[in-house]
Amino acid sequence: MDIYYFNITVLRNKNIFNQKLQDLDEQRINKIKRLRVTDDKLRCFGAGLLTRFMKEKYGIEEEILVDKFGKPYFKDSKIQFNISHSGSYVIIAVSRHRIGIDIQRIQQDKHRIAEKNFLPSECKYINDAEDEAGMQQRFCEIWTIKEAYLKNIGIGLRKPLNSFEVSLSGETPQIIGKKDYRFVQFKMDDRYIVTVCGSRKDEKFNIEEVLI
């Protein structure tokens, strides 16, 4: 699996924004224009640049389609991908196997919604942290694992988050009873948690920043 990420901060420069906008297709440009919040525009812009980068790198000419659950895909290419964004980052995972990725910025009080969405064992893992910052991070660890898994199987949040259990007791995260999945989790800038849910067949892991 290959992971590529892009920091949208550079797009706050109006000259760069207008220059790179010409690299996007008309559909993406219209989507950016419809968005009202600046950061939403920039993340949408970043997603467009990353998907363009991916298509060029892997020699893909066909258009991206979206299934009924909102998961993007290529009709004929063997390449599969998934994209996520949070705060200043847009990130994409690419593989020849089914894949899902999620990034979350660690934020204050976000972990308090855990009791409504997580199982008791997962809540205990969060509450056993030494301090508030640890609880915030552990919440994002659990959340991104669940999101990445659901994005991998292609149904998003249509499956309740408390209908399957996360285990962090081993060397790598796992979904209990789902041994065919490989999870890779890491931090970015000490403020973001990223989890990738891929196949056990994905033995290699590469991560690269995309610059413009």
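Since the structure is predicted, the reported quantities are computational estimates derived from the model, not experimental observations.

Trainee: Could you give me a rundown of the sheet that holds strand E6 (residues 100-105), with the residues and numbers involved?
Mentor: Sheet architecture is open: three strands sit in the order E6-E10-E9, paired in antiparallel fashion. Of all strands in the sheet, those bounded by a partner on one side alone are E6 and strand E9 (181-188). The mean inter-strand angle of the sheet, taken between neighbouring strand axes irrespective of direction, is 15 degrees. Of the strand pairs in this sheet, E9 and strand E10 (residues 192-199) are connected by eight bridges, and their pairing is antiparallel. Residue pairing for E10: Met188 is matched across the bridge by Tyr192. Sheet strands in contact with helix H6 (residues 132-153) are E6, E9 and E10, and its direction is about 155 degrees off that of E6.

Trainee: Explain the environment of Ile83 residue by residue, including any values.
Mentor: Position of Ile83 among the secondary structure elements: in strand E4 (residues 80-86). Expressed as a C-alpha distance, the spacing of Ile83 and Ile3, which sit 80 residues apart in the sequence, is 9.7 Å. Contacts of Ile83, omitting those with residues within four sequence positions, involve Ala47, Thr51, Val90, Ile91, Ile92, Ile101 and Lys151.

Trainee: Explain the confidence of the model for the protein chain to me, using residue names and the numbers behind them.
Mentor: Of all residues in the protein chain, 98% attain a pLDDT of 70 or more, and the chain-wide mean is 92. Mean pLDDT values over the elements of the protein chain span from 84, in helix H4 (residues 114-117), up to 98, in strand E1 (residues 2-7).

Trainee: Can you tell me about the packing of aromatic side chains, naming the residues and giving the values?
Mentor: Per the stated rule, a full pass over the model turns up 11 aromatic pairs. Relative to Phe81, the ring of Phe74 has its centre 5.2 Å away and its plane inclined at 40 degrees; by these criteria the two rings are tilted. With relative accessibility at 5%, the residue Phe74 sits in the buried group. The exposure class assigned to Phe81 is buried, which follows from its relative accessible area of 2%. Taken together, the ring pairs in this structure connect Tyr5, Tyr89 and Tyr192 into an aromatic cluster. In this structure, Arg138 packs its charged tip against the face of Tyr125, placed 4.3 Å from the ring centre.

Trainee: An account of the layout of surface pockets is requested, with residue identities and associated values reported.
Mentor: The space that makes up the largest pocket amounts to roughly 1100 Å³. Going through the elements one at a time, helix H2 (26-34), helix H3 (38-57), E4 and H6 are the ones with two or more residues in the lining of the largest pocket. The dominant element in the lining of the largest pocket, judged by the number of residues it contributes, is H3, at eight residues. A class-by-class count of the residues in the lining of the largest pocket yields 13 nonpolar, 10 polar and 14 charged. Approximately 180 Å³ is the volume found for the second largest pocket. Considering the residues around the second largest pocket, the lining is formed by 14 residues, among which Lys71, Pro72, Tyr73, Gln80 and Arg98 are closest to the centre. Elements with a minimum of two residues in the lining of the second largest pocket: strand E3 (72-73), E4 and H6. Taken together, the residues of the lining of the second largest pocket break down into seven nonpolar, four polar and three charged.

So, how was this worked out
Residues numbered from 1 in each chain as written. Predicted model: local features only at pLDDT ≥ 70, side-chain atom pairs only at ≥ 80, totals over all residues. Heavy atoms only, no water. Pairing = 2+ DSSP bridges. Helix = DSSP H or I, 4+ residues; strand = E, 2+ residues; numbered from the N terminus. Axes fitted to C-alpha atoms, helices over the stretch in contact; angles between N-to-C directions. Contact = heavy atoms within 4.5 Å. pLDDT = per-residue confidence, 0-100. Phe/Tyr/Trp six-rings, centres within 6.5 Å; stacked < 30°, edge-to-face > 60°. Buried < 20%, exposed > 50% of the residue type's maximum accessible area, 1.4 Å probe, protein only. Lys NZ or Arg CZ within 6 Å of the ring centre and 35° of its normal. 1 Å grid on protein atoms, 1.4 Å probe; cavity = no way out; pocket = protein on both sides within 12 Å on 5 of 7 lines; lining within 4 Å. Points joined across faces, edges and corners; volume = space filled by probe spheres on them. Nonpolar A, V, L, I, M, F, W, Y, C, P; charged D, E, K, R; others polar.

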